[in-house]
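Structural description and commentary
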Amino acid sequence: MGKNILKNVLLFLVIFLTLNLIFKSCAGEKEIPAEEQGTIGIQMTNTEYAQGKVVAVDLRNNTDKEITIKNDCPGEPLNVFRYSKGSWEQLSEAPEISCEDQKDYIIASEEKKRIEYTSWNYALFANTGRYKVTLDYEDKTFESNEFTIEEPGVLRLLWTRMLYQPIYNSLVFLADALGKS
């Protein structure tokens, strides 16, 4: 009986991961190359993000020397602004994350570095609307293109609420139950 349960759980997990991979590949994120804006090019990887999707920015060093951007952990990596009531308001969050392994962002000459807002995503980008990201470097401000956070589509909501969440919760329950024995 124990082998049947394990076999069914593994089959369920394989089907779940396959469906998840198929849905993610269908959604496809379009990449936008970092624009050259003098010393540093700063460009969002997408112009639209669904709520819950990780926001990412590409930084490109257009100089002939290495650039170091200080990591302000637990603060967000770059300045984030949201358009609200006719003006841009700066957002700031410092979630409770471990900063032990966090290093400064070093970008070699003519290289690109992607910075993802994984730890700050829900705190900074929970609301729908228009956003932009800026970087202050050597007394200059470099600004990204505007991007929007939108409500997720019907298929994403169905996938999340009817398949993903129940499967995830079941796996957490199983891991907890197996961990206690």
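Every chain begins its residue count from 1, and numbering advances along the sequence as written. Totals for whole chains, interfaces and linings use every residue, but because this is a predicted model, local features are given only for residues with pLDDT of at least 70 and side-chain atom pairs only at 80 or more, for both listing and counting. Values shown for side chains rest on all heavy atoms present in the structure; no hydrogens or waters enter the calculation.

Side note on the environment of N61
Applicable threshold: Here a helix means four or more residues in a row that DSSP labels H or I, a strand means two or more in a row labelled E, and each is numbered from the N terminus. The contact criterion used is simple: two residues touch if any of their non-hydrogen atoms lie within 4.5 Å. In protein, a polar contact means a hydrogen-donor-capable atom and an acceptor-capable atom, both N or O and within 3.5 Å, with residues adjacent in sequence counting only if both atoms are side-chain atoms; elsewhere, any N or O pair within 3.5 Å suffices.
By the secondary structure assignment, N61 is in strand β3 (residues 56-61). In this view, N61 contacts T39, E66, I67, I107, A108, S109, E110 and E111; residues no more than four positions away in its chain are not counted. In this structure the side chain of N61 is engaged in a polar contact, spanning 2.5 Å, whose partner is the side chain of T63.

A short note on a nonpolar patch on the surface
This is how it is decided: Like-charged residues within 9 Å of one another, or nonpolar side chains (Val, Leu, Ile, Met, Phe, Trp, Tyr) within 5 Å, are grouped into patches, provided each residue has over 30% relative accessible area and no salt bridge. The accessible surface values rely on the Shrake-Rupley method and a 1.4 Å probe; as for residues, cover is taken only from the protein chains in view. Salt bridges are counted wherever a side-chain nitrogen of Lys or Arg sits within 4 Å of a carboxyl oxygen of Asp or Glu.
Nonpolar side chains collect at one region of the surface, where L11, I15, L19, I22, F23, V154, L155, L158, M162 and L163 lie side by side and expose about 950 Å² of accessible area between them. When contributions to the nonpolar patch are tallied by element, the ones reaching two or more residues are α1 (2-27) and α3 (154-180). Mapped onto the fold, M162 is located in helix α3.

Here's the deal with the side chain of T45
Threshold: Think of it in three bands: with a 1.4 Å probe and only protein chains considered, a residue is buried below 20% of the maximum accessible area for its type, exposed above 50%, and partly exposed in between.
Along the chain, T45 falls in the loop between β1 (40-44) and β2 (48-50). Judged by relative accessible area, which is 4%, T45 ranks as buried. Within the structure, T45 has its side chain in polar contact with the side chain of Y49 (distance 2.8 Å).

As for the sheet that holds β3
Note the threshold: Note on pairing: two strands pair once DSSP finds at least 2 bridges between them. Each axis is a line fitted through C-alpha atoms, taken for helices only over the stretch in contact, and angles between the N-to-C directions span 0 to 180 degrees.
With antiparallel pairing, the three strands of this open sheet are ordered in space as β1-β3-β8. Where the open sheet ends on each side, the last strands, each with one partner, are β1 and β8 (112-116). For this sheet, the mean inter-axis angle between neighbouring strands, taken without regard to orientation, is 20°.

Quick look at the environment of I167
For I167, the location among the structural elements is in helix α3. Through-space distance from the C-alpha of I167 to that of F12 is 8.8 Å; in sequence the pair is 155 residues apart. With residues near it in sequence (within four places) discarded, I167 still touches F12 and F16.

Focus: the pattern of salt bridges
Counting across every chain of the model gives seven salt bridges. The salt bridge partner of K112 is D58, with a shortest N-O separation of 3.8 Å. Of the two residues, K112 is situated in strand β8 and D58 in strand β3; the sequence distance between them amounts to 54 residues. Under the relative-accessibility criterion, K112 is labelled partly exposed at 40%. Residue class for D58 comes out buried when judged on its relative accessible area of 0%. Taken together, the shared-partner salt bridges connect D58, K112 and R114 into one network.

Quick look at unusual backbone geometry
One non-glycine residue, K85, lies in positive phi territory at about 55°. Relative to the helices and strands, K85 resides in the loop between β5 (79-84) and β6 (87-91). Positive phi is not limited to glycine here, since D139 has a value of about 60°. Structurally, D139 is set in the loop between β9 (129-137) and β10 (140-143).

So, the packing of aromatic side chains
Operational definition: Within 6.5 Å between ring centres, the rings of Phe, Tyr and Trp (the latter by its six-membered ring) count as paired, and their orientation is classed by plane angle as stacked under 30 degrees, edge-to-face over 60, tilted in between. The criterion for a charge sitting over a ring is simple: Lys NZ or Arg CZ within 6 Å of the ring centre, and within 35 degrees of the ring normal.
Across all of its chains, the model carries nine aromatic pairs by this definition. Here the aromatic rings of F125 and Y131 are separated by 5.2 Å at their centres, their planes lie at 70°, and the arrangement is edge-to-face. Owing to a relative accessible area of 3%, F125 belongs among the buried residues under this scheme. An aromatic cluster of three or more residues is present, and its members are Y49, Y117, W120, F125, Y131 and F147. R130 extends its terminal NZ or CZ atom over the ring of Y83, reaching a point 4.1 Å from the ring centre. In this structure, K132 packs its charged tip against the face of F81, placed 5.9 Å from the ring centre.

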